[in-house]
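Spelled out from the first residue to the last, the chains are:
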Amino acid sequence: MLIKLVEEVDVTEAYHSLQSPGAGGIDIFIGTVRNHAQGKEVTKLVFEAYAPMALKEMQKIARAAQQQWPIEKLVMLHAVGEKLVGEPVVIIGVASAHRDAAFTACRFLIDELKKTVPIWKKEYYQDNSVWVNAHP
Amino acid sequence: MLIKLVEEVDVTEAYHSLQSPGAGGIDIFIGTVRNHAQGKEVTKLVFEAYAPMALKEMQKIARAAQQQWPIEKLVMLHAVGEKLVGEPVVIIGVASAHRDAAFTACRFLIDELKKTVPIWKKEYYQDNSVWVNAHP
Amino acid sequence: MEILLFGITREIVGSGTLKIKPEETIQTVGQLKAWLAGQYPAMGKLSSLAVAVDSEYADDDQPLQSGQEVALIPPVSGG
Amino acid sequence: MEILLFGITREIVGSGTLKIKPEETIQTVGQLKAWLAGQYPAMGKLSSLAVAVDSEYADDDQPLQSGQEVALIPPVSGG
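Residues numbered from 1 in each chain as written. Chains lettered and ligands numbered in written order. Predicted model: local features only at pLDDT ≥ 70, side-chain atom pairs only at ≥ 80, totals over all residues. Heavy atoms only, no water.

Enquirer: Honestly, unusual backbone geometry in this entry has me stumped. Any pointers?
Expert: Both trends apply: most residues other than glycine have a negative phi, and most peptide bonds are in trans. Non-glycine residue A:N133 carries a positive phi angle of around 75 degrees. Secondary-structure assignment places A:N133 in the segment after β9 (129-131). The partly exposed category is assigned to A:N133, whose relative accessible area is 43%. The backbone of D:T25 sits at a positive phi, close to 45 degrees, despite the residue not being glycine. Here D:T25 shows up in the loop between β2 (17-19) and α2 (29-39). (Helix = DSSP H or I, 4+ residues; strand = E, 2+ residues; numbered from the N terminus. Buried < 20%, exposed > 50% of the residue type's maximum accessible area, 1.4 Å probe, protein only.)

Enquirer: So what exactly am I meant to see when it comes to the interface of chain A and chain B here?
Expert: Reports of interface size often rely on the accessible area that becomes lost once the parts have come together. Counting from both sides, the interface comprises 33 residues of chain A and, opposite them, 33 residues of chain B. Summed over both partners, the interface of chain A with chain B buries about 2,800 Å², with 53% contributed by carbon and sulfur atoms. Remark: the boundary between chain A and chain B carries 4 salt bridges. Counting residues per element, the ones that place at least two in the side of chain A that touches chain B are α1 (11-17), β2 (25-32) and α3 (99-116) of chain A. Residues that form the side of chain A that touches chain B fall into these classes: 15 nonpolar, 11 polar and 7 charged. Note: β2(A) against strand β2 (residues 25-32) of chain B, 7 bridges, orientation antiparallel. Within β2(B), the position partnered with A:I30 by the bridge is B:I26. (Contact = heavy atoms within 4.5 Å. Buried area = accessible area lost by both parts, 1.4 Å probe. Salt bridge = Lys/Arg side-chain N within 4 Å of Asp/Glu carboxyl O. Nonpolar A, V, L, I, M, F, W, Y, C, P; charged D, E, K, R; others polar. Pairing = 2+ DSSP bridges.)

Enquirer: I'm lost on the interface of chain B and chain C in this one. Help?
Expert: The partner chain C presents 25 residues to the 28 residues of chain B that form the contact. Carbon and sulfur atoms make up 53% of the area that chain B and chain C hide from each other, which totals about 2,200 Å². One can count 4 salt bridges joining chain B with chain C. Of the charged contacts in the structure, one is a salt bridge between B:E48 and C:R10, with a shortest N-O distance of 2.4 Å. Our enumeration of links across chain B and chain C arrives at 22 residue pairs in polar contact (both at pLDDT 80 or more). Per-element accounting of the side of chain B that touches chain C gives the leading share, 5 residues, to helix α3 (residues 99-116) of chain B. Its residues assigned to classes, the side of chain B that touches chain C shows 16 nonpolar, 4 polar and 8 charged. (Polar contact = N/O pair within 3.5 Å; in protein donor to acceptor, adjacent residues only side chain to side chain.)

Structural data, given as structure tokens:
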């Protein structure tokens, strides 16, 4: 189980940490900076984390997934700091004996991460910037 | 759209081919050689393909996915030849604006590949070998 | 007529291709399957056996003509 | 009491930490939220505002004691 906040998330590192002779299926989700949001052009994102709590919450989610599905290996990496269009910001990976558990657990992990992990994203457009989700 | 049969599938190549400024979510499924199947220890797999037809069928599946979901980039790589425990044999990747389409399309592509693409897997155990799915 | 063989069908026949003499007068995919089942009982024991004509899955009533690429497709197991 | 601030709460207050004088006599998470809403009207306009005590989400009735690490958690948006 590899859970980290890092300046640069690395797909190759994630894949290597998911190696397991008992795994038949690996699902890796990578969230990347999209060039548009809410109909506006996005120039960059900046991520801020309450690091000790974010890691605790990520570990809780990982344990919840391990209790629900037979998981061989699990990885959750989230970037902090400034990220440009196309750059990866989060990597979630699950290795399991069968693909069904890998897909389902991977989806669960990213959905839960977005709900509870104290990380905040500021979206920068040409003319202003907003903290995502902050207002109704 | 990158669709290939290769001796070695490469996760890094797949990830690079999925880059797109309009993508917010990338899902990559990697099928790997598991050390056991049907309760027996697996020593290796050998994959054989009817290459021109396999590529045609993979392209059909890819087009079907593109018609159902908004896909920015798509990759399907399948290995042929001998593969040892832990080695990757298939990589399916989808980049989309949102993660829901990426997950759903990726799952569709691997499920369909397993149903229709003319590729055959021989599983080698300590004492014998079988063509997977050949017999009821 | 020459048939391409893969996987277990290649092993049953013992070769990557199967030459069928013109006097067998096989005119459709269905007739080819019936002929194969007679010649190679092991083919009848497979979970399924499809035929591809010019690298497309073919129905039993599809006619077979010279110049086509014909292949046997035993149960697939990629991925 | 010192409160850690992140994201939009950090910008509302204009600092990464907020020091609250002992005479404010804030004894629970709920009282802290009420005090913040009074001092910083912009906090009341957020979609939600949670409080973490010792890096765990805390209910409104949880007591606040000296020595704890207290943080404001505006709506999260990771991933």
